[in-house]
Amino acid sequence: MTDLRLRAAVSDDLDAVLAFWRTAAEGTSISDDRAGVERLTERDPGALILAERDGELVGTVIAGFDGWRCHLYRLAVHPERRRQGIASALLGAAEERFTRLGGRRADAMVLVRNETAHHAWAAAGYGPQEQWRRWVKPLTE
């Protein structure tokens, strides 16, 4: 996978990232807009990790660390580039980032209905914690 380049996103990448998620990511989020992703990259510049091959965006992951917990979001690989080790490389970079920052355990947001993702996450060593349930409250309309 020597031709795969991993790097942190910068402001100039954000429109392309949002377009990429519409193609490659499962589901949408209230934060899937330029302002939301800008806040992320301004607050935590290394959190949004991009995978590129031949100058093309082929994968993303958000590796957010709040000083207490390590959270993974938006692991997405272009549908035509899946099963090529891109997700594994992104998760490796995210886990290295967490370790460097002092993180001790990572958790991932995975849609219940996304069976394909369940297999990928399990292959990477992640598993569901059935005793926990995510509770949410939108803070904006």
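An unreviewed UniProt entry lists the chain under the name GNAT family N-acetyltransferase, with Streptomyces argyrophylli given as the organism.

1. Observations concerning the packing of aromatic side chains
The full count for this structure, using the stated rule, is one aromatic pair. When the centroid spacing of 5.0 Å and the interplanar angle of 85 degrees are considered together, the rings of Trp121 and Tyr126 count as edge-to-face. Accessibility expressed as a relative area gives 18% for Tyr126, which makes it buried. The residue whose ring lies beneath Arg74 is Trp21, and the NZ or CZ to ring-centre distance is 5.2 Å.

2. Quick word on the sheet that holds strand β2 (residues 48-53)
Pairing within the open sheet is mixed, and its five strands lie in the order β1-β2-β3-β4-β5. The open sheet has two edge strands, β1 (4-8) and β5 (106-108), and neither has a second partner. Here the strands of the sheet are splayed against their neighbours by 25 degrees on average, with no regard to which way each runs. Examined bridge by bridge, β1 and β2 share five bridges and lie antiparallel to one another. Pairing of Ala8 across the sheet is with Ile49, part of β2.

The rules behind each value
Residues numbered from 1 in each chain as written. Predicted model: local features only at pLDDT ≥ 70, side-chain atom pairs only at ≥ 80, totals over all residues. Heavy atoms only, no water. Phe/Tyr/Trp six-rings, centres within 6.5 Å; stacked < 30°, edge-to-face > 60°. Buried < 20%, exposed > 50% of the residue type's maximum accessible area, 1.4 Å probe, protein only. Lys NZ or Arg CZ within 6 Å of the ring centre and 35° of its normal. Pairing = 2+ DSSP bridges. Helix = DSSP H or I, 4+ residues; strand = E, 2+ residues; numbered from the N terminus. Axes fitted to C-alpha atoms, helices over the stretch in contact; angles between N-to-C directions.

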